[in-house]
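Topology and contacts: notes
Here is how the chains run, residue by residue.
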Amino acid sequence: MKRVIFFLLAMVPSYFLVVLAASELGGEVVTLLRPNVEGGFDEVRVWIVDDGDVTLIEHGSQGDEWLEGLKASGPISLVRDGIKIDYSGQQASALHAGYHALRREKYGLADHMIEVLTGASVDACDGMPLQLQVIN
């Protein structure tokens, strides 16, 4: 019985460690400076994909307060390759399947691992892609 309990206790941190490693080591990760209710920013690590002039991230779900306030809060800032870039952003629910296809192409095995480990398949995902446009 002790072995079973030890095994279960070891599996939980191992699971989260594998998901974190796949997320952080699976390819390019950028830092989203997401506006918060206090007027500051939360730093959130996200994957990013590009398809020609289209840049997409996915963070949050439709109805999330910060996504609803995109236009009012001003630019979205990302730190990419150590450089802070300001974007205008808009919700792009129509690009959801395309975002996942680009993400699978770019992040490959890491994307597949996270999908399997979290059950976050394209069909089950309720994430909201954001289409980003660089502000000049």
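Quick note: structure is the one above.
This write-up is about the structure you can find in this document.

So, how was this worked out
- Note on numbering: residues in each chain are counted from 1, in written sequence order.
- Totals for whole chains, interfaces and linings use every residue, but because this is a predicted model, local features are given only for residues with pLDDT of at least 70 and side-chain atom pairs only at 80 or more, for both listing and counting.
- Hydrogens and waters are ignored; side-chain quantities use all the structure's heavy atoms.
- Ring geometry is summarised as follows: Phe, Tyr and Trp rings, the Trp one being its six-membered ring, pair when their centres sit within 6.5 Å, and such pairs are stacked at plane angles under 30 degrees, edge-to-face over 60 and tilted between the two.
- For the purposes of this entry, the term helix denotes a DSSP run of H or I that reaches at least four residues, the term strand denotes a run of E that reaches at least two, and both are numbered from the N terminus.
- Both cavities and pockets are sets of points on a 1 Å grid over the protein atoms alone; in a cavity a 1.4 Å probe fits but cannot get out, in a pocket the set is open with protein on both sides within 12 Å along at least five of seven lines, and lining residues sit with an atom within 4 Å of a point.
- Grid points are joined across faces, edges and corners, and a volume is the space filled by probe spheres set on the points.
- Polarity classes work like this: nonpolar for Ala, Val, Leu, Ile, Met, Phe, Trp, Tyr, Cys and Pro, charged for Asp, Glu, Lys and Arg, and polar for all others, with Gly in that last group.
- All axes here are fitted lines through C-alpha atoms, helices being fitted over the stretch that makes contact, and every angle between N-to-C directions spans 0 to 180 degrees.
- An angle below 35 degrees is read as roughly parallel, one above 145 as roughly antiparallel, one from 65 to 115 as roughly perpendicular, and any other as oblique.
- In this scheme the handedness of a crossing depends on how the near helix is turned from the far one: anticlockwise by less than a right angle means left-handed, clockwise means right-handed.
- What makes two residues a contact is simply this: any of their non-hydrogen atoms within 4.5 Å.
- Salt bridges are identified by distance alone: a Lys or Arg side-chain nitrogen within 4 Å of an Asp or Glu carboxyl oxygen.
- Exposure is judged per residue with a 1.4 Å probe applied to protein chains only, and the accessible area is read against the type maximum: over 50% gives exposed, under 20% gives buried, and values in between give partly exposed.

Focus: the packing of aromatic side chains
All chains considered together, the criterion is met by 2 aromatic pairs. Consider the rings of Tyr-15 and Phe-16, whose centres lie 5.1 Å apart with planes at 80 degrees: the pair is edge-to-face. For the pair Trp-47 and Tyr-107, a centre-to-centre distance of 4.1 Å together with 5 degrees between the ring planes defines the contact as stacked. Of this pair, Trp-47 sits in strand β2 (residues 41-51) while Tyr-107 sits in helix α4 (residues 96-118), placing them 60 residues apart in sequence.

Regarding the layout of surface pockets
One number sums up the size of the largest pocket: a volume of about 420 Å³. Lining of the largest pocket is provided by 19 residues; of these, Trp-47, Glu-58, His-59, Tyr-99 and Arg-103 occupy positions nearest its centre. Of all the secondary-structure elements, those providing two or more residues to the lining of the largest pocket are α1 (2-25), β2, β3 (54-61) and α4. A class-by-class count of the residues in the lining of the largest pocket yields 7 nonpolar, 6 polar and 6 charged.

Quick word on the packing of α1 against α4
Between α1 and α4, the least distance of the axes is 9 Å, while the angle of their chain directions is 150 degrees. The orientation of α1 with respect to α4, classified from their angle, is roughly antiparallel. In the packing of α1 onto α4, the handedness of the crossing is left-handed. Contact residues: α1 offers Tyr-15, Val-18, Val-19, Ala-22 and Ser-23, while α4 offers Ala-110, Met-113, Ile-114, Leu-117 and Thr-118. Of the residues in the contact of α1 with α4, the class split is 8 nonpolar, 2 polar and no charged.

Observations regarding the pattern of salt bridges
This model, assessed by the stated rule, comprises 9 salt bridges. For Glu-24, the salt bridge goes to Arg-45, with nearest N and O atoms at 2.7 Å. You can see Glu-24 sitting in helix α1 and its partner Arg-45 sitting in strand β2, a full 21 residues away along the chain. When its relative accessible area of 30% is taken as the criterion, Glu-24 is described as partly exposed. Given a relative accessible area of 46%, Arg-45 falls into the partly exposed group. For Glu-58, the salt bridge is made with Arg-103, and the minimal N-O distance between the two is 3.7 Å. You can see Glu-58 sitting in strand β3 and its partner Arg-103 sitting in helix α4, a full 45 residues away along the chain. Here Glu-58 falls in the buried class, since its relative accessible area comes to 14%. It is possible to trace a salt-bridge network through shared partners that takes in Glu-58, Arg-103, Arg-104, Asp-111 and Glu-115.

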